[in-house]
Structures are given as structure tokens and as C-alpha cells.
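Below, each chain spelled out in residue letters.
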Amino acid sequence: MSGAVSNSLEGPDGGRPGWVAVLAFWTKNLMEIGITKGLGIMLPILQIQLTSQMWIIGWIASLTTATSGFVAPFGGLVSRRFGAGYVMMTCGVMMSAAAIAGSFVENSLQLALLYTLLAGTAIGISNVVAKEAVGRCFTKNYATANGIARTGYSVGLIVFAPLVQVFLDTYGWRGTMLLVGAITMHSVASGAVMVATRQPELDQSNAYQTLPQTEHTNSSSAHESTLRSHCGSLRKFVFKNFEVGLLLNARYWLVAVISCCTIYAYLMWIVYFVSQAQSNGFTLEEAGSFVTIAGIANLFGKISQGLITDRGVMSSWTLVAVCLVMSSVSYLASSLLTSYWPMMTSAVLILFSDGVLSCQTDVLIKQVLGVELLAGAFGWIALKVMLLLVALGFLPGLVYDLTGSYTAAFLLIGSVQAVPLVPLLMLRYSQR
């Protein structure tokens, strides 16, 4: 990364730098699942071994995810300052250190500090840096590259659940954390490959409109003039390194609504679907089979969406609109379904649509805002998602407690998923 400048970002497939960035993003996604879901699988044994309560251990996982959102706006700054490859290496070390050091903790407070400060920060920064690196390298095949990179999540869900269980049965929870930490060190290797590969850099001088320059007038006070100059420099620094100008961009807020609502609906489905299926009369085994098959559909959606849009079969705008409608209807219907195959179909459509939308929202962000503002857009949107989850993540559960049924809760989730249709149409109209 250091000192390497490319005069052109155009290319049919991103070249070697692009696919190295895809590898780094894929590896980061895989290791993130190992860190977060591995902790989730160890919840019962950690509760016993650390003599803690279940909600405290579960809260650690939530705090880790929340921290990743709060630090995300700094991703663009550190990437430009140190280079994407070095940042990915450092984040890999931090994630690995969190798991390895976690094997030596004696109480839940120590575990919370390690996972929140190390793993949470590393996940938030590396997510923005890796996504921006892929978007920077690819033009024609960006949807395909992004979809391939995001399959790391799906592979992680398939691989780490049984792997962590085997580790627990064989080595205990401390040995499991050591092994997960060792596996996570693969992120360091992928970052090192980025360092060794010439990566394109961007000139961000015209990426956004900065605040007006402070004019120096004939002031009677030299101190006032100096203070004014420092304030102007500070404002320029903040706007340049944190893309604060995005917050004044109407198009940014439209794509942020699309992304935030889609992610919120998906995460609420992940949290409440199994309980909702059981309340509809399905067994735990049947609910598990719904999730497994739907997970495969999610993987297929991530791979197929790139082939659909990059090959010109369907535009990104049309594909996103179709998937928003399809998933919204499935959310609304799922609480009313009591037969096996209709419920299976609903789960498959929801996660297939999420696989498509998780990739295509990034494509829309790049189309609407441009490649120069990707890091800032990804960072600020991640922060908004975390704030939304903190503020409203409890709402479906509260609705269930008040009504005694998941019908109203999933009507709420389906309605949230339908909201992005409005900003999508507004963006499409403005693009013409």
C-alpha cells in the first residue's frame, strides 16, 4: 500500500489488487463470525465457569457489535494514514489477541473489556477498510466481487458452529479460545498480502464540498486571527478525514435509510425467528432446519446477485426493488404460517433477499456517492445501524410481551423492510 499510486481505477475485474482485497474482506468476514458466534456458542459454559449470569455474557457479544459500529467512522482516517494493508494486519492481531487473552480471564468483566476494546474496535475498522478497498478496485464486476467477499459470513456460520463445539468437547473453553484466536491470525496474513500488492489510492481533494474558507480580515487582535485560523484548520481536518460533509448530502441519507432498515429487519429476524416458529407450532428441530436451508439460500443470493447485475440481466435498482418487496411480504406472512413448506419458503425468500440486498446496497452507495466517499459512507452508516439497534432493538420483543403473539412484531419488521422502497424510488428518479 505505501507509496503505490494507480492513475486509473478502471478495469474489467479489478486486477490482482482487487482480488487480494476480496480475499482480505472474505477472510475478515470469516474470522468475525468465528469471534462473535464462537462466543455465542460458549455462552452456557462461560456462564458456569465465570460464575456469571447469562444476560451478562450475552451482553458482551452485543457490546462487541455495538463498539464496531461506534468506531466505524474512523476507518477511512486510519486507512488513509497508514494504508489499508497495515490496518487489516493490525485489526487481525487485535481480534486474535482478544480471543487468546480471553482464555486467561477469571471473570466476565475482563472478558468484556477484551472483546469490546480489542475485537469490537478491530471488527468496526476492518469492515470499513476492507469494503472500501474492494469498492476502490472494482468497477464493472463490483457486485460479483462484493458478493464473493461476503460469502465469508455464510461459510463462517456453516464452519464455526460445529468446529467450536468440537473444540469445546475436546479442549474445554480455554483451549477453544486459544484455537479460535490462532485461526483468526489468518486475517494478518491476508492483510500482509495487501501490503505486498500495489493498491490504487484516491485523490479526495474534490470528493466533497468543504466548508467555506475563513477569510482573514484586518483584525486588531493577532490572537483572534490565530484562533480563527486554527478553527478553520480544525474544520477542514474533520471534514477531510471523517467525511462530515456526507451528513449534509441528501442522497447519502437516502442510501443510509435503505441500508439501515434492511440490516435492522434482518437482525431482528435472526433474533426472533426461532421463537416465532415455535410459537406457530413448529418444533425446535424444524425451526433449525428452516434456518439451515435459508442460510444456504443466503449464500446463493450473494453469489447470484453479481451475475445478474454485472452481466446486464437486471439493473441494481430493479433487483433491489424486487428483493425488498419479496422480503417484506415474507416477513408479513411468516407470523401467520403454520405449515412446514410455506414456512420454509418464507425463510428461504427472506434470507435469499438479504443475501442480495447486503451486496446490492453497497453497489447503490457506490453508484450514488462515488468511490471517493465509500469509506465515509460505510463508516457513518455502520454507526447509524448500531444506534438504531440500541434504540429499537428491543421493540419486537416488547410488542410480543404486550400482545402475547409474534404477529404484530413481524408486521412491524415487515413494515420496516418496506420503508426503503420510498428512498429507492427517490434516488432512481433523481438519477434520471
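In the nomenclature of an unreviewed UniProt entry, the chain is known as Major facilitator superfamily (MFS) profile domain-containing protein of Patiria miniata. Per UniProt, the comment on the chain under Subcellular location (unreviewed entry) is "Membrane".

Caption draft 1: Structural detail: the overall build of the chain. Across its full length, the chain carries 17 helices and zero strands. By the burial criterion, 51% of the 432 residues in the chain qualify as buried. In the chain, of all internal contacts separated by at least 6 residues, the share reaching a separation of at least 24 is 84%. Counting every atom, the chain has about 19100 Å² of accessible surface; 67% of that belongs to carbon and sulfur.

Caption draft 2: Local environment of a nonpolar patch on the surface. Together, Phe70, Leu387 and Val390 make up a nonpolar patch on the protein surface, roughly 280 Å² of accessible area in all. Take valine 390: it is sitting in helix 14 (residues 374-392). Taking the relative accessible area as the measure of exposure, valine 390 reaches 57% and is therefore exposed.

Caption draft 3: Structural view of the side chain of aspartate 310. Here aspartate 310 is to be found in helix 11 (residues 284-310). For the buried aspartate 310, no salt bridge exists, and the shortest N-O distance to an oppositely charged side chain is 4.6 Å, to arginine 311. A polar contact is formed between the side chain of aspartate 310 and the side chain of threonine 144, at a distance of 2.6 Å. Apart from residues no more than four positions distant in its own chain, aspartate 310 is found in contact with Lys140, Asn141, Tyr142, Ala143 and Thr144.

Caption draft 4: Here's a closer look at the packing of aromatic side chains. Scanning the entire structure with this criterion turns up twelve aromatic pairs. Ring geometry for tyrosine 406 against phenylalanine 410: centres 6.3 Å apart, planes inclined by 80°, an arrangement best described as edge-to-face. Taken together through their ring pairs, the aromatic side chains of Trp269, Phe273, Phe282, Phe290, Tyr340 and Trp341 make up a single cluster. Its end group placed over the ring of phenylalanine 378, lysine 131 keeps NZ or CZ at 4.2 Å from the ring centre. Above the face of the tyrosine 142 ring, lysine 366 is positioned so that its terminal group lies 4.7 Å from the ring centre.

Caption draft 5: Here's a closer look at helix 16 (residues 407-418). Between its first and last C-alpha, helix 16 extends 17 Å over twelve residues, near the 16 Å set by a 1.5 Å rise per residue. Buried within helix 16 are the following residues: Ala409, Phe410, Ile413, Gly414, Val416 and Gln417. Buried residues of helix 16 fall within an arc of 155° about the axis and therefore sit on the same side. Against helix 10 (250-279), helix 12 (316-334), helix 13 (340-369) and helix 15 (395-403) lie the buried residues of helix 16.

Caption draft 6: Structural context of the packing of helix 12 against helix 16. The geometry of helix 12 relative to helix 16 is characterised by a closest axis approach of 7 Å and an angle of 170° between their N-to-C directions. The pairing of helix 12 with helix 16 is recorded here as roughly antiparallel in orientation. Note on element contacts: helix 16 touches helix 12 through Phe410, Leu411, Ile413, Gly414, Ser415, Gln417 and Ala418, opposite Leu324, Ser327, Ser328, Tyr331, Leu332 and Ser334. Of the residues assigned to the contact of helix 12 with helix 16, the class counts are seven nonpolar, six polar and no charged.

Caption draft 7: Examining helix 12 more closely. When the terminal C-alpha atoms of helix 12 are compared, their 26 Å separation across 19 residues agrees well with the 27 Å that a helix rising 1.5 Å per residue should span. Within helix 12, the full set of buried residues consists of Ser316, Trp317, Leu319, Val320, Cys323, Leu324, Ser327, Ser328, Ser330, Tyr331 and Ser334. Looking straight down helix 12, one finds that the buried residues subtend no more than 165° of arc, so they occupy a single side.

Caption draft 8: Summary view of the nonpolar core. Core analysis: the largest hydrophobic core is formed by 109 residues, its most contacted members being Leu46, Leu111 and Tyr115. Sequence-distant contacts of leucine 111, defined by excluding residues within four places in its chain, comprise Leu39, Leu46, Leu50, Ile60, Gly102, Val105 and Met177.

Caption draft 9: Looking closely at the confidence of the model for the chain. A residue-level look at the chain finds 84% of positions with pLDDT of 70 or above and a mean pLDDT of 83. Predicted confidence is poor over residues 203-220, with pLDDT under 50, and the contacts of this stretch with residues over four places away or in other chains come to 25 contacts. Across residues 232-239, confidence stays below pLDDT 50; counting only partners more than four residues off in sequence or on other chains, it has 14 contacts.

Caption draft 10: Seen up close, the pattern of salt bridges. A full pass over the atoms with the stated rule returns five salt bridges. With a closest N to O distance of 2.6 Å, lysine 28 and glutamate 32 form a salt bridge. Of this pair, lysine 28 and glutamate 32 both sit in helix 1 (residues 15-41), four residues apart, roughly one helical turn. As far as the burial class goes, lysine 28 and glutamate 32 line up, both buried. Among the ionic pairs, lysine 131 bridges to aspartate 362, the shortest N-O distance being 3.7 Å. Residue lysine 131 is found in helix 6 (residues 108-137), and its partner aspartate 362 is found in helix 13; the two are separated by 231 residues along the sequence. For lysine 131, a relative accessible area of 10% corresponds to the buried category.

Here is what the cut-offs are and how they apply
- Residues numbered from 1 in each chain as written.
- Predicted model: local features only at pLDDT ≥ 70, side-chain atom pairs only at ≥ 80, totals over all residues.
- Heavy atoms only, no water.
- UniProt positions renumbered as here; feature names shortened; annotations may be inferred.
- Helix = DSSP H or I, 4+ residues; strand = E, 2+ residues; numbered from the N terminus.
- Buried < 20%, exposed > 50% of the residue type's maximum accessible area, 1.4 Å probe, protein only.
- Contact = heavy atoms within 4.5 Å.
- Areas by Shrake-Rupley, 256 points an atom, 1.4 Å probe, with all protein chains shown as cover.
- Patch = residues over 30% accessible without salt bridge, like charges linked within 9 Å, V, L, I, M, F, W, Y side chains within 5 Å.
- Salt bridge = Lys/Arg side-chain N within 4 Å of Asp/Glu carboxyl O.
- Lys, Arg positive; Asp, Glu negative; His and termini not counted.
- Polar contact = N/O pair within 3.5 Å; in protein donor to acceptor, adjacent residues only side chain to side chain.
- Phe/Tyr/Trp six-rings, centres within 6.5 Å; stacked < 30°, edge-to-face > 60°.
- Lys NZ or Arg CZ within 6 Å of the ring centre and 35° of its normal.
- Expected span 1.5 Å × (residues − 1).
- Arc of directions from axis to C-beta.
- Axes fitted to C-alpha atoms, helices over the stretch in contact; angles between N-to-C directions.
- Parallel < 35°, antiparallel > 145°, perpendicular 65-115°, else oblique.
- Nonpolar A, V, L, I, M, F, W, Y, C, P; charged D, E, K, R; others polar.
- Core = buried A, V, L, I, M, F, W, Y, C linked by side-chain atoms within 4.5 Å.
- pLDDT = per-residue confidence, 0-100.

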